[in-house]
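# Summary of structural features
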Amino acid sequence: MKKMVILMLGLIMLAACSQKNVSYEGTPLKIAVIGEIPEYDNDRVTFEEISLEKFKEDSAHIAKNYNAVMITPLAFDKASKDTYSAVYHKANMPIIFFDSKKRHYPFVEKGMSYASASSDSFNDGSHTTLYVSDAKTNEEEIWTFPLENDDDLPALYTSIFEKIEAL
C-alpha cells in the first residue's frame, strides 16, 4: 500500500511538472521581463527581470542584448501610462503583452490606460499580443495568440518563441 501511495504521488508530481515544460527547440532566446517571470522549463529560453524605467532609459541597449521584452499583468497599469508609449514605438524589438485581454492598444495609444480601456472592444479571443514597431518606417506588426484553456499554455509559449525566432 505504501508503495502504491508513493507511486501515485510521483505520477501526480510528474504531471504537474510537465505542465511547465515548453517544447521550444529553436535558437536560444533571451527575454527581458517587466512584471512576473514565467515559471516553466526550457534550456533554450532565458528570462531576466528588468524594470520599466530601465527599458525606458536604455531601450537601445536592451534591444541589442535581448530577443524580446515581455510585459506581464503585474506591470500593466504602470506600463500603460502615456510616458511609456513612445518607448514601445521606438524599441525596434518584439514586445510581448502577455495575457493582455486588451491586446497592445492601452500600451501604445496615448490617452488610454489599461484600466480605462474597454475589454469588450478588444475581445477577439486573443490571450497574448506580440508587437513590433519599426521607428524608421513608422510601421507596426502585430500577432495575437489565442489560449483555449490553461492546459494549452506550453503550446502558447512555444508559438510565441517560434515567432520571435522567425523575426
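Residues numbered from 1 in each chain as written. Predicted model: local features only at pLDDT ≥ 70, side-chain atom pairs only at ≥ 80, totals over all residues. Heavy atoms only, no water.

You'll find the protein chain entered in an unreviewed UniProt entry as Amino acid oxidase, with Kurthia populi given as the organism.

In terms of burial, strand S5 (residues 126-134) is a largely internal element, eight of the nine residues being buried. Where strand S4 (residues 95-97) lies against S5, three bridges are found, and the strand directions are antiparallel. By the bridge assignment for S5, Phe-97 is matched with Thr-129. Bridge analysis of S5 against strand S6 (residues 139-146) gives eight bridges, and the strand direction is antiparallel. Looking across to S6, one finds that Val-132 is bridged to Glu-141. (Buried < 20%, exposed > 50% of the residue type's maximum accessible area, 1.4 Å probe, protein only. Helix = DSSP H or I, 4+ residues; strand = E, 2+ residues; numbered from the N terminus. Pairing = 2+ DSSP bridges.)

The space that makes up the largest pocket amounts to roughly 150 Å³. Every residue lining the largest pocket is listed: Glu-36, Ile-37, Pro-38, Glu-39, Thr-72, Pro-73, Leu-74, Phe-98, Asp-99 and Tyr-157. (1 Å grid on protein atoms, 1.4 Å probe; cavity = no way out; pocket = protein on both sides within 12 Å on 5 of 7 lines; lining within 4 Å. Points joined across faces, edges and corners; volume = space filled by probe spheres on them.)

On to helix H5 (residues 82-90), then. All of the buried residues along H5 are Tyr-84, Ser-85, Val-87 and Tyr-88. Down the axis of H5, the buried set is contained in an arc of 160°. They therefore lie on one face. At the exit of H5 stands Asn-92, carrying a positive phi of roughly 55°. (Arc of directions from axis to C-beta.)

Following the criterion strictly, the structure yields three salt bridges and no others. Note that Lys-30 is salt-bridged to Glu-48, the shortest N-O span being 3.5 Å. With a gap of 18 residues between them, Lys-30 in strand S1 (residues 29-34) and Glu-48 in strand S2 (residues 45-49) connect regions that are remote in the sequence. Of the residues examined, Lys-30 reaches a relative accessible area of 31% and is grouped as partly exposed. Since its relative accessible area comes to 32%, Glu-48 is described here as partly exposed. Salt-bridge contacts for Lys-101 lead to Asp-99; the nearest nitrogen and oxygen are separated by 2.5 Å. (Salt bridge = Lys/Arg side-chain N within 4 Å of Asp/Glu carboxyl O.)

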